[in-house]
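Summary of the model geometry
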Amino acid sequence: LQWLCELALTKACFCDCLQNDYHFEYTECDSSGSRWRVAIPNSAVDCSGLPDPVRGKECTFSCASGEYLEMKNQVCSKCGEGTYSLGSGIKFDEWDELPAGFSNVATFMDTVVGPSDSRPDGCNNSSWVPRGNYIESNRDDCTVSLIYAVHLKKSGYVFFEYQYVDNNIFFEFFIQNDQCQEMDTTADKWVKLTDNGEWGSHSVMLKSGTNILYWRTTGILMGSKAIKPVLVKNITIEGVAYTSECFPCKPGTFSNKPGSFNCQVCPRNTYSEKGAKECIKCEEHSQFSEEGSSECLARPPCTTKDYFQIHTPCDEEGKTQIMYKWIEPKICREDLTDAIRLPPSGEKKDCPPCNPGFYNNGSSSCHPCPPGTFSDGTKECRPCPAGMEPALGFEYKWWNVLPGNMKTSCFNVGNSKCDGMNGWEVAGDHIQSGAGGSDNDYLILNLHIPGFKPPTSMTGAMGSELGRITFVFETLCSADCVLYFMVDINRKSTNVVESWGGTKEKQAYTHIIFKNATFTFTWAFQRTNQGQDNRRFINDMVKIYSITATNAVDGVASSCRACALGSEQSGSSCVPCPPGHYIEKETNQCKECPPDTYLSIHQVYGKEACIPCGPGSRSTQDHSVCYSDCFFHHEKENQSLHYDFSNLSSVGSLMNGPSFTSKGTKYFHFFNISLCGHEGKKMALCTNNITDFTVKEMVAGSDDYTNLVGAYVCQSTIIPSESKGFRAALSSQSIILADTFLGVTVETTLQNIYIKEEMFPVSPSQIPDVHFFYKSSTTTTSCVNGRSTAVKMRCNPTKPGAGVISVPSKCPAGTCDGCTFYFLWESAEACPLCTEHDFHEIEGACKRGFQETLYVWNEPKWCIKGISLPEKKLSTCETVDFWLKVGAGVGAFTAVLLVALTCYFWKKNQKLEYKYSKLVMTTNSKECELPAADSCAIMEGEDNEEEVVYSNKQSLLGKLKSLATKVRAEF
């Protein structure tokens, strides 16, 4: 009996399989593109009698959207209610956790650190983080890749939505196939920036076979400012050939029709669970929910954070008042304990006047002045006098209603709480950010201007200022609030121009317009960038007091300005002046500015509108800008020094560094300098996100390429390829250091730019250094007067050609304060031109009646080019033998003359001695006698001892004595 029981149990274990005990799968495709459908037992099930394999559908077969492949009969069937299907694709739209098949890999300094449990401390917490509806990238300077591998039976594509607003983080998407080869074009791997608060989309074609998808981000932290992460959602992959089941709708969505390819979002005050066919309503008075909610929440008691104040529009009596309104949608209850009610409305007050350029015609609203008229907002519109024209633009300083060319909105990347809300509210003398739905909402204010053009009398030169926008604001914050000011040109892309974080005192900011195009200016305010679904910081706000735009197309006028008249009598219409012409006050006629002056961009009336260029500079033909023509002249100690920097007019470059971030990422500062020449064109170019495509291709592709800046001096941050594992070096954070030329001089200061002598080594020569000064017209929060640049040109004959550019050792980044930059450019081309003072002559020996004269440069040589050395000179000369003979003759004559004179005076001396001796003897013999008179005459009986030869002809000695006597007589 026991044996029979055991046999019965054994036979029961091997009974025939039921339909729920197994499922069907396809085998891998063979070389002919065929496959088989086979039955696979479910886990923990042992049975026998599985269906036999049958030939399956071809490998490229797929069902349509909203259908799935029913494997038993191998036919496509529609998805049921509460489910959806892409047909031949898969979609990832739930990010409560990392979906199956996705992985995170972090790298740092080109070292793979693997899964999160084995990473070193440097990148231990770096990963992509699921945030419910989207997944968020890392915020540090590690490199983190989100990876997913998929095998496609046929070619398809991958599509995803993303938000990428911060250029301090690099975002790339690329694909490797089963041969570990990347996509064909590397330009596709770099994802474009998006506007703040907007989602972009990116798609790439996929080849059949295995495809490994990489979403890779790399942060570049070069300061204390945190970067904004990349957000990705709704990843869709097409080309998986078939799906054997439909996907249930995620919580907060529903599908009420069979054959759906997506699920709909539940409206407010409803909710749904996973796989819902319909949404369930919340209890009307006690519960609420946002769009796409998976549950209902209890309504809290109302507080002061649930309402806001507004200024009502002017009524027929010209009155306005403050009113309080609940923030919509209202989620709080007034009937609960400790709940508050709306405060009463304020007293009615007189409405503020109309904004300049508008007038009130007796109604409750303001209207723009007709063309050709102006008004300050308090009076009726009047026509401009003869010889004047309206100064068109917009000046908003009274905020009773939102102007017609402005709009406001609210946006949140993670939810739709504030969709349809007003992001900003008018408040009389200012406009302020609104309440929003959450603290991390973007509160957006837009101003649309169709274009900018100069006044009629000023046509505007290419590249000169056409207009400017100025606004006065302040921020009041208790958290990490940020105000962004953004500009969109021709509706192509919105770029952040400047941002302010935290509390800021009341201040003004100006942005200059250089191009006549359609502009949209955007102010976006976010109380905090942390994930918040409440209103803890509702009192944090930004206030804008005034917004002024000059020279705006379709603008209005608050005043008039002088214009040039035609050749007719006074009162004729205004005519445009040619570029570089001002309006003469006496005649209101156009007159060209004097040489080496440029025309002011703010007014053209009177000769004072022509502003002299700086030292060593000249103006362009249209008097739009001043520039250096590369020639400079300086007087030093009665010597003229002439410089020619033409060979340095091409862009000079300097790669400075390396420097390192807080975590050791290596980067360089790359500077480009356009020193002079080129008729004032700004030839220095700096780019952002350089990969494998060239600057030339970018310029040719679009005149509005926003990642390219041109200036006299610009700076980029270079991330070397070996630092982060990129295949090519990357360029980021390109900024303009100088777009206006100030002048060139040997002095060390110009317009408040001062070069301290201790910044650079002392020059070994006496040749003075030449200094080029520039500035930037763009102001920043840290550089309220804009940036400035000084380039010291030093003569160095040992560095030919382009020479060497360096920065001060005390300021390795080229600047000590971030606003003024200094460069030392040493080159032989910076030496003055050679003159006749820079060489000397050397005379050679006289050979065969000829003598050579050579010319050589002074050493050391501190000049270049200029005059050339004179050719050697050959001149006649007398030989040495001739002069020896002449010398010997003169010497012999002199010796004879000296002997003759010696003999003469010696003989005369002997005679005197004889007479003296005789006189002495006579005196002794006659001591007692009186002395007789001495006589020199010859006594009687004496012979004349001197032999006197009388001759009519004088001797040579006599002639000399006669000549000497004659000369004394003449004197």
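Not measured: the values here are computed from a predicted model.

Rules used throughout
Residues numbered from 1 in each chain as written. Predicted model: local features only at pLDDT ≥ 70, side-chain atom pairs only at ≥ 80, totals over all residues. Heavy atoms only, no water. Helix = DSSP H or I, 4+ residues; strand = E, 2+ residues; numbered from the N terminus. Contact = heavy atoms within 4.5 Å. Areas by Shrake-Rupley, 256 points an atom, 1.4 Å probe, with all protein chains shown as cover. Phe/Tyr/Trp six-rings, centres within 6.5 Å; stacked < 30°, edge-to-face > 60°. Buried < 20%, exposed > 50% of the residue type's maximum accessible area, 1.4 Å probe, protein only. Lys NZ or Arg CZ within 6 Å of the ring centre and 35° of its normal. Pairing = 2+ DSSP bridges. Axes fitted to C-alpha atoms, helices over the stretch in contact; angles between N-to-C directions. Salt bridge = Lys/Arg side-chain N within 4 Å of Asp/Glu carboxyl O. Disulfide = S-S within 2.5 Å. Polar contact = N/O pair within 3.5 Å; in protein donor to acceptor, adjacent residues only side chain to side chain. Core = buried A, V, L, I, M, F, W, Y, C linked by side-chain atoms within 4.5 Å.

1. What to know about the overall build of the chain
Helix and strand counts for the chain come out as 5 helices and 70 strands. Relative to all contacts within the chain whose residues are 6 or more apart in sequence, the contacts with residues 24 or more apart total 65%. Total accessible area on the chain stands at roughly 51,900 Å², and carbon and sulfur atoms take up 53% of it.

2. Focus: the packing of aromatic side chains
Under the criterion given, the structure shown has 44 aromatic pairs. Measuring from centroid to centroid gives 6.2 Å for Phe 485 and Phe 521, while their planes differ by 5 degrees, and the two rings are stacked. With Phe 485 in strand β39 (residues 482–489) and Phe 521 in strand β42 (residues 519–526), the pair connects residues that are 36 residues apart, well separated along the chain. Given a relative accessible area of 0%, Phe 521 falls into the buried group. Here the aromatic cluster, defined as three or more aromatic residues joined through ring pairs, consists of Phe 92, Trp 95, Phe 102, Trp 128, Tyr 148, Phe 160, Tyr 162, Tyr 164, Phe 171, Phe 173 and Trp 215. The ring centre of Tyr 545 lies 4.1 Å from the NZ or CZ of Lys 506, which sits over that ring. Taking NZ or CZ as reference, Lys 861 lies 4.4 Å from the ring centre of Trp 857, over its face.

3. Examining the sheet that holds strand β68 (residues 839–843)
Sheet architecture is open: 3 strands sit in the order β68-β69-β70, paired in antiparallel fashion. Lying at the two open borders of the sheet, with one neighbouring strand each, are β68 and β70 (873–876). Pairs of neighbouring strands in the sheet enclose a mean axial angle of 25 degrees, with direction left out of account.

4. With respect to the pattern of salt bridges
Where charged atoms from two side chains of opposite charge come close, those side chains can pair. In the structure shown here, the tally under the stated rule is 18 salt bridges. With its nearest N and O atoms 3.5 Å apart, the salt bridge here joins Lys 865 to Glu 829. Taken together, the residues Lys 865 in the loop between β69 (850–857) and β70 and Glu 829 in the loop between β67 (820–827) and β68 connect sequence positions 36 residues apart. Look at the salt bridges and you will find they share partners, linking Arg 131, Glu 136 and Arg 139 into a network.

5. A look at the state of the cysteines
A complete count under the given rule lists 20 disulfides for this structure. Disulfide pairing is shown between Cys 266 and Cys 279; the S-S distance is 2.0 Å. Residues Cys 266 and Cys 279 share a disulfide whose torsion about the S-S bond is about -85 degrees; that sign makes it left-handed. Taken together, the residues span a long stretch of sequence, with Cys 266 in the loop between β20 (264–265) and β21 (270–271) and Cys 279 in the loop between β21 and β22 (280–281) at a distance of 13 residues. Judged by relative accessible area, which is 0%, Cys 266 ranks as buried. Covalent S-S linkage joins Cys 577 and Cys 590, the inter-sulfur distance amounting to 1.9 Å. Between Cys 577 and Cys 590, the disulfide has an S-S torsion of -85 degrees and is therefore left-handed. You can see Cys 577 sitting in the loop between β46 (574–575) and β47 (581–583) and its partner Cys 590 sitting in strand β48 (residues 590–592), a full 13 residues away along the chain. For Cys 577, a relative accessible area of 1% gives the class buried. Exposure remark for Cys 590: the relative accessible area of 28% places this residue in the partly exposed category.

6. Some points on the side chain of Asp 21
Looking at the secondary structure, you find Asp 21 in the loop between α1 (2–13) and β1 (22–26). Residues within four places of Asp 21 in sequence aside, it is in contact with Pro 41, Asn 42, Val 45 and Cys 47.

7. Description of the environment of Ser 640
Among the structural elements, Ser 640 can be located in strand β54 (residues 639–644). Residue Ser 640 is classed as partly exposed on the basis of its relative accessible area of 28%. In sequence terms Ser 640 and Pro 832 are 192 residues apart; their C-alpha atoms lie 9.4 Å from each other. The residues contacting Ser 640, other than those within four sequence positions of it, are His 633, His 634, Glu 635 and Thr 835. A distance of 2.6 Å separates a polar atom in the side chain of Ser 640 from a polar atom in the side chain of Glu 635.

8. Section: the sheet that holds strand β40 (residues 494–501)
Reading across the sheet, the 5 strands line up as β34-β37-β42-β39-β40 and stay open at both edges, with antiparallel pairing between neighbours. On the outer flanks of this sheet lie β34 (406–411) and β40, each paired with one strand and no other. Across the sheet, the mean angle separating the axes of adjacent strands is 20 degrees when strand polarity is ignored. Where β39 and β40 come together, 7 bridges link them in antiparallel fashion. Its bridge partner lying in β40, Asp 488 is registered against Thr 494.

9. A short note on the environment of Asn 656
Turning to its location among the elements, Asn 656 is positioned in strand β55 (residues 652–660). Spatially, the C-alpha atom of Asn 656 lies 7.1 Å from that of Ala 813, the residues being 157 residues apart in sequence. Among residues more than four places away in sequence, those in contact with Asn 656 are Phe 668, His 669, Phe 671, Val 807, Pro 812, Ala 813 and Gly 814.

10. Brief notes about unusual backbone geometry
With an omega of -5 degrees, the peptide bond running from Glu 328 to Pro 329 counts as cis. Secondary-structure assignment places Pro 329 in the loop between β27 (322–326) and β28 (349–350). In this chain, Glu 859 is followed by Pro 860 through a cis amide linkage whose omega measures -5 degrees. Here Pro 860 shows up in the loop between β69 and β70. One non-glycine residue, Asn 269, lies in positive phi territory at about 60 degrees. Topologically, Asn 269 is positioned in the loop between β20 and β21.

11. Description of the pairing of strand β5 (residues 75–78)
Note: strand β4 (residues 67–70) against β5, 4 bridges, orientation antiparallel. Opposite Leu 69, over in β5, you have Cys 76 as the bridge partner. In sequence, β4 turns back onto β5 through a hairpin of 4 residues, with Gln 74 there showing a positive phi of about 55 degrees.

12. A look at the side chain of Thr 820
Within the secondary structure, Thr 820 sits in strand β67. Side chain to side chain, Thr 820 and Ser 788 meet in a polar contact 3.2 Å long.

13. Quick notes on the nonpolar core
Within soluble globular proteins, side chains that are nonpolar tend to cluster in buried spots. Counting 45 residues, the largest nonpolar core has Phe 521 and Trp 523 as the members making the most contacts within it. If sequence neighbours within four positions are ignored, Trp 523 has contacts with Trp 424, Leu 443, Ile 444, Leu 445, Leu 447, Ile 469, Phe 471, Leu 483, Tyr 484, Phe 485, Ile 544 and Ile 547.

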